[in-house]
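So the chains spell out like this:
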Amino acid sequence: GSNSFIPGFEDQLVGVKAGEEKVVTVTFPAEYGASHLAGQEATFDVTVKEVAAPGELVMDDEFAKTYGLESLDKLKDAVRANMQTELDGAARGKMKRSLLDQLDKRYTFELPASLVEQEFNGVWQSVLSEQQRSGKSFADENTTEEAARAEYRSIAERRVRLGLLLSEIRQGNGVEVSAQEMNMLVQQAAQQYKPEDRQKFVQYLQENPMAAAQLRAPLFEDKVVDFLFDKASVTEKTVTKEELEAAIEAEPDAKPAAKKKST
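About the cut-offs
- Residues numbered from 1 in each chain as written.
- Predicted model: local features only at pLDDT ≥ 70, side-chain atom pairs only at ≥ 80, totals over all residues.
- Heavy atoms only, no water.
- Salt bridge = Lys/Arg side-chain N within 4 Å of Asp/Glu carboxyl O.
- Helix = DSSP H or I, 4+ residues; strand = E, 2+ residues; numbered from the N terminus.
- Patch = residues over 30% accessible without salt bridge, like charges linked within 9 Å, V, L, I, M, F, W, Y side chains within 5 Å.
- Areas by Shrake-Rupley, 256 points an atom, 1.4 Å probe, with all protein chains shown as cover.
- Expected span 1.5 Å × (residues − 1).
- Bend = angle between axes of the 7 residues up to and from the residue.
- Buried < 20%, exposed > 50% of the residue type's maximum accessible area, 1.4 Å probe, protein only.
- Contact = heavy atoms within 4.5 Å.
- Phe/Tyr/Trp six-rings, centres within 6.5 Å; stacked < 30°, edge-to-face > 60°.
- Lys NZ or Arg CZ within 6 Å of the ring centre and 35° of its normal.

1. Side note on the pattern of salt bridges
For the coordinates displayed, the defined rule picks out 18 salt bridges. Note that Lys96 is salt-bridged to Glu221, the shortest N-O span being 2.7 Å. Linking Lys96 in helix α2 (residues 72-106) with Glu221 in helix α7 (residues 209-231), this pair joins segments that are 125 residues apart in sequence. Residue Lys200 pairs with Asp197 through a salt bridge whose shortest N-O separation is 4.0 Å. One connected set of salt bridges, linked through shared partners, spans Arg92, Lys96, Glu221, Asp222 and Asp226.

2. What to know about a nonpolar patch on the surface
Judged by side-chain polarity, Tyr107, Phe109, Leu115 and Leu164 come together as a nonpolar surface patch covering roughly 320 Å² of accessible area. When you line up the elements, Leu115 lands in helix α3 (residues 113-134).

3. A closer look at α7
Over its 23 residues, α7 extends 31 Å from the first C-alpha to the last, a length consistent with the 33 Å expected when each residue adds 1.5 Å. The largest bend in α7 is about 35 degrees, located at Arg216, with the proline Pro218 one to four residues further on. Three or more residues of α7 are buried, namely Ala211, Ala212, Phe220, Glu221, Val224, Val225, Phe227, Leu228 and Phe229. Contacts from the buried residues of α7 go to α2, α4 (145-172), α5 (179-190) and α6 (198-207).

4. Digging into the packing of aromatic side chains
If you walk through the whole model with that rule in mind, you get nine aromatic pairs. Aromatic pair Trp124 and Tyr152: ring centres 6.2 Å apart, planes at 65 degrees, arrangement edge-to-face. On the criterion of sequence distance, the pair formed by Trp124 in helix α3 and Tyr152 in helix α4 is long-range, its members being 28 residues apart. In this pair, the class of Trp124 matches that of Tyr152, namely buried. In this structure an aromatic cluster arises from ring pairing among Phe120, Trp124, Phe138 and Tyr152. Sitting over the ring of Phe120, Arg153 keeps its end group 4.2 Å from the ring centre.

Below, the structure written as structure tokens:
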């Protein structure tokens, strides 16, 4: 009933019983990943092994133990902590966006053309790759290539401007990433690799300062943002989860490719 398979497949299984056989006829979507099947009609010989329905969920200590926790109270505490972490992250993200918006409005200076071009090319390639993946065009987004280029160039200019500004603030105020913080960052990044490849990743960073700098850059940005938060006059406001989500949703729409960096 999740409709996660080929459209129409699950609908034809409504009412079947265990032990029954049925031929299901469907048509693969035109945008199906396997091009030789896209748009083609296919039949599936289905044998129903079992028909099951979800039972009543009992929230008790035994249920909590299925998640590795000793009691229902511990599970509630864990869920509450996870929700708080998510909300704190969302609130910080909104504060950071507001801060960067203010910096972007307040400071204007001539930008190095080469940096803007480099940033734009990276953003534009992401846009084209996303279009190729999704099969959508500029017209599908109610825009033109020319208008999209202008919009993404503006995004590139913002990124370069804020990047240079945050770098200047960092250097002028001695904001640094400690060796311990960098080591923790490297270890976290290494977890995405297989155990046998993690040491190779660490060695690669040690031998390639530019790669290490790219890994360190988001942490530098967050530390500068924290430094500015400490200097800023911040007014706290208590809101509900729904109000916070609505405020974030109301922010100017960001293009998918523009979400690569917070700036």
